[in-house]
Amino acid sequence: MIIIMKPQATEEQIGSLCQDLSRQGMQVQRNAGVDCTVLGVLGDVAKLDPHDFLIQPGVERVMPVSEPFKKANRKFHPTDSVIDCGGVKVGGRKLALFAGPCSVENVEQITDTALKVRASGANILRGGAYKPRTSPYAFQGLKLEGLALLEQAKAITGMPICTEIMSPKLVEEFDRRVDVIQVGARNMQNFDLLTELGQTRKPILLKRGLSATISEWLMSAGYILAGNPNVILCERGIRTFETYTRNTLDLSAVQAVKRLSHLPVIVDPSHATGLNWMVERMSLAAIAAGADGLIIEVHNNPPKALCDGAQSLTPDQYAQLVGKISALAPIVERTL
Ligand code: PEP
Ligand code: MN
């Protein structure tokens, strides 16, 4: 971090700021220029908030020179992280294919959908038991009963299961019963939840918040990474001025995250677009953009779905999509 002092800053102001920084464990290099003094601050600057220095007497400007996220930063972990999700590796050459309904509805729906997506090549079953719904009147999920149905589907198909957590109170329960715990977009900055998940070793699928910058997303990952190295990121579209699609799929974020971070990143074209007919092309685009996998909503009867039917693929549409991914994969040095 660089702190530029005002030309009229007094020696006392500069000295007191340097002392304050040293007390916080920083090394300070003082450079006296013709017009002003410039302080180079070295050390664990991630714990400093640049805004705090702007109100110090004599300070003109503060310029961060390193990223505010640390644990997720590729600089300190140059090789790609590969996360073992109940036997399925996410982050290597092989693409991870999460698929399943938005919400778990009944035993027939979840097992039939699971068997069909598995037959097409999906390797992790998704399904919401606890649903974060914008409307309090909408279906909220089967909760613990939904978890039991997912376990049943896992027993039948052998697929690891991924489901969303909403409360820190349920971390222990999910840790015991689920293979991948999803943190939804609405909870990306639920820091109590993230901290609690950092106490486990369970793979966590951290979705990007509706209006989160890449840097905020990677800082949220840091809360989990404080104790748990198993984090997978998921780009699921961000809120923009465009209303034609449910969200705006930010595929450049995939490339940005791959460059900035060692964590695997997958893409959710279902929530990004909200439109089932866009899912195939956006999935192929995501793989071409370097995603480590996809999470796609598939329902065995979309018109009857209790949640997100309009963006859900039928099992046949999913089979067709996986066929296209398998043709594309070798071009981007991936396998299925
Ligand atoms: C979901 O995956 O069903 C979901 C609610 O996703 P998001 O948090 O991305 O909206
Ligand atoms: Mn959904």
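This text goes with the structure placed above it.
Residues numbered from 1 in each chain as written. Chains lettered and ligands numbered in written order. Predicted model: local features only at pLDDT ≥ 70, side-chain atom pairs only at ≥ 80, totals over all residues. Heavy atoms only, no water.

*Asks:* Describe in detail the nonpolar core, supporting the description with residues and values.
*Replies:* In globular proteins that are soluble, nonpolar side chains generally tend to be buried together. Ile165, Leu206, Leu233 and Tyr318 are the most contacted members of the largest nonpolar core, which has 66 residues in total. Considering every element that reaches this core, the biggest residue donor is helix H7 (residues 214-225), with 6 residues. In this structure, Leu233 is in contact with Leu205, Leu206, Trp217, Leu218, Ala221, Val257, Leu263, Pro264, Val265 and Ile266, ignoring residues within four places of it in sequence. (Core = buried A, V, L, I, M, F, W, Y, C linked by side-chain atoms within 4.5 Å. Buried < 20%, exposed > 50% of the residue type's maximum accessible area, 1.4 Å probe, protein only. Helix = DSSP H or I, 4+ residues; strand = E, 2+ residues; numbered from the N terminus. Contact = heavy atoms within 4.5 Å.)

*Asks:* Got a sec to walk through the coordination of the manganese ion (ligand 2)? Specific residues and values, please.
*Replies:* Within the protein, the manganese ion (ligand 2) binds to Cys102 (SG), His271 (NE2), Glu297 (OE) and Asp308 (OD); these donor distances fall in the range 2.1 to 2.4 Å. Counting along the primary sequence, the residues that act as donors to the manganese ion (ligand 2) give the motif C-x168-H-x25-E-x10-D. Separated by 26 residues along the polypeptide, His271 in helix H9 (residues 269-273) and Glu297 in strand S14 (residues 293-297) bring together distant segments of the chain. Taking relative accessible area as the criterion, His271 reaches 8% and is therefore assigned buried. (Donors = N, O, S within 2.8 Å, 3.2 Å for Na, K, Ca; no water.)

*Asks:* An account of the packing of aromatic side chains is needed here, citing residue identities and associated values.
*Replies:* Throughout the structure, instances matching the rule amount to 2 aromatic pairs. Pairing Tyr130 with Phe174 gives two aromatic rings, centres 5.8 Å apart and planes at 50°, and the pair type is tilted. You can see Tyr130 sitting in the loop between strand S8 (124-126) and helix H4 (144-157) and its partner Phe174 sitting in helix H5 (residues 171-177), a full 44 residues away along the chain. Just as Tyr130 is buried, Phe174 falls in that class too. With 4.5 Å between their ring centres and 25° between their planes, Phe191 and Tyr223 make a pair best called stacked. (Phe/Tyr/Trp six-rings, centres within 6.5 Å; stacked < 30°, edge-to-face > 60°.)

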